[in-house]
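Overview (structure and organization)
One-letter residues, chain by chain:
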Amino acid sequence: MEPARPPTSPTLRDTNLEKLARAPFDVLVLGGGINGAVGAAALAARGAKVALVERQDFASATSQSSSNLIWGGIKYLESYELGLVRKLCRARNELMRSYPSSVREIRFFTSVARGFRHGRFVLVLGAFLYWALGGFFTRRPRVLSRARIAREEPSVESAPLEGGFEYSDGILPDGDARFVWGFVRAALDHGCVAANYVEALGCARDGDGWVTRARDVVTGRELTIRSRVLVNTCGPWADAVNARDGMRTRHRHVLSKGVHLIVERITPNPRVLTFFADDGRLFFVIPMGPRTCIGTTDTPVSAPEVGVTPEDRRFVLDNINRRLRLARPLEERDVVAERCGVRPLVVAAGSDETPDWMQLSRKHAIETDEAARHVTVFGGKLTDCLNVGEELCAEAIRLGVALPFADRRWWGEPPDALGERFFHEARLAGLDALPWPAPAEPRSARLWRRYGVAALELLETVRRDPRQAEVIVPGTDFMRCELEAVSRREMVVKLEDFLRRRTAIAQVVRADELRHAPGVREACEALFGDEADGRWSELFGGAPRASPTERMVP
Ligand SMILES: Cc1cc2nc3c(=O)[nH]c(=O)nc-3n(C[C@H](O)[C@H](O)[C@H](O)COP(=O)(O)OP(=O)(O)OC[C@H]3O[C@@H](n4cnc5c(N)ncnc54)[C@H](O)[C@@H]3O)c2cc1C
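Throughout what follows, the structure given in this document is the object of discussion. Everything quoted here is computed from the prediction, not taken from an experiment.

Reading the values: rules and limits
- Residues numbered from 1 in each chain as written.
- Predicted model: local features only at pLDDT ≥ 70, side-chain atom pairs only at ≥ 80, totals over all residues.
- Heavy atoms only, no water.
- Patch = residues over 30% accessible without salt bridge, like charges linked within 9 Å, V, L, I, M, F, W, Y side chains within 5 Å.
- Areas by Shrake-Rupley, 256 points an atom, 1.4 Å probe, with all protein chains shown as cover.
- Salt bridge = Lys/Arg side-chain N within 4 Å of Asp/Glu carboxyl O.
- Helix = DSSP H or I, 4+ residues; strand = E, 2+ residues; numbered from the N terminus.
- Buried < 20%, exposed > 50% of the residue type's maximum accessible area, 1.4 Å probe, protein only.
- Core = buried A, V, L, I, M, F, W, Y, C linked by side-chain atoms within 4.5 Å.

Turning to a nonpolar patch on the surface, a few remarks are in order. Together, Phe121, Val122 and Leu125 give the surface a local cluster of nonpolar side chains, amounting to about 330 Å² of exposed area. Summarising the element assignment, Val122 is placed in helix α4 (residues 120-133). Since its relative accessible area comes to 46%, Val122 is described here as partly exposed.

Quick look at the nonpolar core now. Membership of the largest hydrophobic core comes to 71 residues, with the highest contact counts inside it found for Tyr451, Leu495, Phe498 and Val520. With six residues, the single largest contributor to this core is helix α17 (residues 518-528). If you look at the next biggest cluster of nonpolar residues, it comprises 50 residues, including Ala177, Cys192, Ala194 and Ile366.

For the bond from Gly295 to Thr296, the omega torsion is 20 degrees, close enough to zero to count as cis. In this structure, Thr296 sits in the loop between β14 (291-295) and β15 (299-301). Positive phi, close to 60 degrees, is recorded for Ala59, a residue that is not glycine. Note that Ala59 resides in the loop between β2 (50-53) and β3 (69-70). Since its relative accessible area comes to 2%, Ala59 is described here as buried.

What follows deals with the pattern of salt bridges. With the rule as written, the count across this model stands at 59 salt bridges. Among the salt bridges present, the one from Asp278 reaches Arg323, with a minimum N-O distance of 2.8 Å. Pair noted here: Asp278 is in the loop between β12 (272-276) and β13 (282-288) and Arg323 is in helix α8 (residues 310-323), with a separation of 45 residues, a long-range link. Assessed through its relative accessible area of 44%, Asp278 is described here as partly exposed.

Structural data, given as structure tokens:
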């Protein structure tokens, strides 16, 4: 098979690295998690000259470790933060309205144990209040008796339950990292100069702007980036970056580690099972393609560099085993993959008090130093990302950046008419009539959600060669035709970027299976050409296995 990209032609990243060093920018955004990605997308779409640098891959920190939920924060009803819940519900509704294929409504099937701190009546009332605060945008809540829970969701251990209730929120079917990538791609489409694996080493004031010393992490080459305004969206590292650059702020972060474990599918029903864990917090069993994601933990930590510990695994497994009725309890060997990240939670900078952990809400704060032309985003949630983008535009205007298209809507999926054209052409091409191992959704729906209008080009690839519609890694729904689009448009630098963030392949297939999968080798060759062996070994270690074509020879 031909490599998707001739290895000698420059990549989008190569070209952007050159541009970073050349142009003075209106705004330089540091950090490509959700907050940096929406900031860059909003500012670029509204006409600013924007650069975005991320020291690892886009969304490779907190923004790849969430619960993949777009939710209005039902739990903040307990601390009577009705204003926050209303705001988050509105943010959720706007995402669901604007991204109908990539932010979906999902039911939360919630069990309440006897003797829980609130009776079922109060909780059911809360569910209806939540629905009302969300403007009745989602389906109506439902009261669940113990008998109904046992009937509708036999995997739940119903004996210790008082009953339950069901309500709706949103889910990201392709995962958080892919959602973030969508904003990075939108920023690129509007002329943003973005590059992953570029670390900001230090930023200094220079006249009425900023000079940032940065390093291409891949080659070690240093570059200088000039901008009028600097935006720090480094999430859990934002405080350290500010301290290094001499910026004092009124806010700071406290950090909380959260772990999820991914296991075989627990229930065939496309719903989130919700419980209250032993520590009283909400605990979820979340559908993730052919698998189930369980979590999460909430542990105070002092530094952003964290990993999953045996205690974390025990907490998650013990909690789930106590609440589900399974053929046998889940054990560590059942874990297919893990997710671990750090929530950056905003508090006032002056206070040294240890905050009440359970009461810390996930608001964001945007702090601007007008004299220094410097903005920091503290805290936040994926759910609130459109507001962060809007607020960053407002701050940029305040700092004198001209936004010639200040009213332009910068978010949302392509217009319905384009979708109709794609689905019509997909029907004519017989895309959904081809054999397909992932019956949960048709091929066409998947391609439209992941590539938008670029999916029309993928269709042409399949028309030319129906083999391009084949799934290349068993247990996933990734098709061969996607490789070319990913290679050309998605700035994949390492094999892990592709397996973990542009796709969720590494979350649903065990690492030892991936290592032996011919499709992974095929992808590696298509993405990296001559460098495929090195990229493969970088992730899996050892010498690469024979190429898929070689092994097909009997
Ligand atoms: C366990 C868990 C579950 C969650 N669940 C949900 C949920 O279901 N729904 C929801 O809405 N929210 C959820 N959240 C919250 C949400 O994930 C975070 O608020 C959000 O991802 C934070 O994004 P960020 O852009 O601020 O930070 P990050 O994603 O961490 O991005 C910051 C980036 O800055 C980069 N960086 C740091 N230093 C430099 C430098 N010097 N130069 C260049 N780049 C740099 C880092 O590499 C990193 O990629 C959850 C969080 C956790 C941990």
